[in-house]
Amino acid sequence: MMPSTKTPDDQRIAKLLARAGVASRREIERMIVEGRVALNGVAIDTPATLLASLDGVTVDGNPVAAPTAARLFIYHKPSGLLVTERDPGGRPTIYDRLPKTLPRVVPVGRLDLNTEGLLLLTTDGGLKRQLELPATGVERAYRARAYGNVTQAQLEDLIEGVEIEGVRYGSIDANLERRTGANVWIELVLTEGKNREVRRVLEHLGLKVSRLIRTRYGPFVLGDLPVGAVGEVRQHDVESFRANPTRKDLPQPARKREQSVQPVTPRTAPKREPDRPTSRPAKPARPATPAKAPRQRADGTLAVRAGSTSAARSSRARSFREDRGDRPAPARPSRGPAGGRGKPGGRPPRGRK
């Protein structure tokens, strides 16, 4: 039986289930229409059902756990991803890239397909609403690169707000950061965050935005978080923000850990090449050449060499010349004493007087 009277603690069932991390409010409303949500075994037929707690509530027959403390994550969204759970056109979404170890989270606000930078994700629907409401006054900071010419005076006029095609955009604090060729970099701070607000306002000034990065959402900054990575905000920083949503003095970066979107492959030690020898290996010794057998002459004697020394060779050559009848070579004259030119048997060198 559905409760008939409202108490101060009663809330819509879709809100309670969203805070418990079951799904987004829109998804929960769809689940209620499909009859997947029940209270004490009886299917709930309207999202307007008011409850003080989730006692006795089941989703697909499973009891819903009590909501835990709100968790908040910072995601460095890359360009080219949709901020939605699923896309009928099959385009990639942030949920295709988020780590599988994350709990069920819902995005705080939206970033366009080609907008990059800081995107907050939370497990708590109440925290999501507190961050998104313009009445809360939470600032969003962006950096935009645009093609065209604009003056600082034109940007300062945005502080009063601007109306474009019947849509009123609130106060924007814009400053010209620098010029790079035909492009300009502009810093913008706003509190509303309407659909495509930054792009439409800059296009109204005659600029064509080529890159848009969100760098801060309230007191939570992107910092040096790598593209595609996720960091979780510390619990006491979440509670501090909820107590004062407009504060900007949280310690930065206000996150306790980072989780990589892509699984980190373990580093393997490089293959070690075998040590090169410091010296060349010794060549194998050649096998000893066996001695030749003595040659036998025609008369039956063996032709044995007398020796292999230089003296033996000279003796054999002299004997050969004598047998041939050659005259012995004349003795080579020796040189005279040092400093003289005389020869033995000749005129002695002149002495000093």
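The structure reproduced in this document is the subject of the present report. Because the structure is a prediction, the values reported are computed rather than measured. (Residues numbered from 1 in each chain as written. Predicted model: local features only at pLDDT ≥ 70, side-chain atom pairs only at ≥ 80, totals over all residues. Heavy atoms only, no water.)

**A closer look at the side chain of T49**
The condition is simple: Only runs of H or I of at least four residues qualify as helices and only runs of E of at least two qualify as strands under DSSP, and these elements are numbered from the N terminus. Relative accessible area decides the class of each residue, using a 1.4 Å probe on protein chains only: under 20% of the type maximum gives buried, over 50% gives exposed, and in between gives partly exposed. Whenever a nitrogen or oxygen atom comes within 3.5 Å of another N or O atom, the pair is scored as a polar contact, on the condition that within protein one atom can donate a hydrogen and the other can accept it, and that pairs from neighbouring residues in sequence are kept only if both atoms are in side chains.
Here T49 is to be found in the loop between β3 (42-43) and β4 (50-51). Residue classification places T49 among the buried positions, given a relative accessible area of 7%. A polar side-chain atom of T49 sits 2.8 Å from the main-chain carbonyl oxygen of T46.

**Some details on the pattern of salt bridges**
As a reminder, the rule being used: The salt bridge definition used is simple: a Lys or Arg side-chain nitrogen within 4 Å of an Asp or Glu carboxyl oxygen.
Counted under the stated rule, the structure contains 17 salt bridges. For E27, the salt bridge identified is with R86, shortest N-O distance 4.0 Å. Taken together, the residues span a long stretch of sequence, with E27 in helix α2 (residues 25-33) and R86 in the loop between β7 (72-77) and β8 (106-107) at a distance of 59 residues. Note on E27: relative accessible area 15%, which makes it buried. What makes R86 exposed here is its relative accessible area of 52%. The residue K194 makes a salt bridge to E192 at a minimum N-O spacing of 3.8 Å. Taking relative accessible area as the criterion, K194 reaches 36% and is therefore assigned partly exposed. Exposure remark for E192: the relative accessible area of 25% places this residue in the partly exposed category. Where salt bridges share partners, they join E27, R30 and R86 into one cluster.

**Quick notes on the layout of surface pockets**
Keep this limit in mind: Buried and open spaces are told apart on a 1 Å grid over the protein atoms alone, a cavity being a set of points where a 1.4 Å probe fits but cannot get out and a pocket being an open set with protein on both sides within 12 Å along at least five of seven lines. Residues with an atom within 4 Å of a point are the lining residues. Grid points are joined across faces, edges and corners, and a volume is the space filled by probe spheres set on the points. We call Asp, Glu, Lys and Arg charged. Ala, Val, Leu, Ile, Met, Phe, Trp, Tyr, Cys and Pro are nonpolar, and the rest, Gly among them, are polar.
Space inside the largest pocket adds up to approximately 1100 Å³. Every residue lining the largest pocket is counted, 44 residues in all, and those nearest its centre are P107, G109, R110, K128 and E132. Where the lining of the largest pocket is concerned, the elements lending two or more residues are α2, β8, β9 (115-122), α3 (125-132), β10 (140-147), α5 (197-204) and β15 (208-217). Looking at side-chain class alone, the lining of the largest pocket contains 14 nonpolar, ten polar and 20 charged residues.

**Digging into the pairing of β9**
Inclusion rule: A pair of strands is considered paired only if DSSP assigns at least 2 bridges between the two.
Within β9, eight of the eight residues are buried, which leaves it mostly tucked inside the rest of the structure. Sheet topology places β7 next to β9; six bridges connect them, and they run antiparallel. Along β9, the bridge assignment pairs L72 with T122. By the bridge criterion, two bridges tie β8 to β9 in an arrangement that is antiparallel. Note on β9: the bridge partner recorded for V106 is T122. Across three bridges, β9 lies against β15 in parallel orientation. If you follow G117 over to β15, its bridge partner there is R214.

**Overview of the nonpolar core**
Test applied: Residues belong to a common nonpolar core when they are buried Ala, Val, Leu, Ile, Met, Phe, Trp, Tyr or Cys residues joined through side-chain atoms within 4.5 Å. Note on contacts: a residue pair qualifies if any of its non-hydrogen atoms lie within 4.5 Å across the two residues.
Formed by 22 residues in total, the largest nonpolar core has its most connected members in L158, I186, L188 and L202. Going through the elements one at a time, β10, β11 (162-164), β13 (172-180), β14 (183-190), α5 and β15 are the ones with two or more residues in this core. Other than its neighbours up to four places away in sequence, L188 contacts R140, A141, Y142, A144, I172, D173, A174, V198 and L202. The next biggest cluster of nonpolar side chains, apart from the first, holds 18 residues, and it includes Y217, A229, V233 and L250.

**Regarding the environment of I13**
Of note, I13 is situated in helix α1 (residues 13-19). Put simply, I13 and L50 are 37 residues apart on the chain and 5.8 Å apart in space, counted from C-alpha to C-alpha. Apart from residues no more than four positions distant in its own chain, I13 is found in contact with I32, V37, I44, T46, P47, T49, L51 and V57.

**Concerning unusual backbone geometry**
The phi torsion of most residues other than glycine is negative, and most of the peptide bonds are trans. Its identity as a non-glycine residue notwithstanding, D60 has a phi of 55°, on the positive side. Locating D60 in the fold gives a position in the loop between β5 (57-59) and β6 (62-63). The class for D60 is partly exposed, based on a relative accessible area of 44%. Positive phi values are uncommon outside glycine, yet R196 reaches one of about 55°. As for its position among the elements, R196 is in the loop between β14 and α5.

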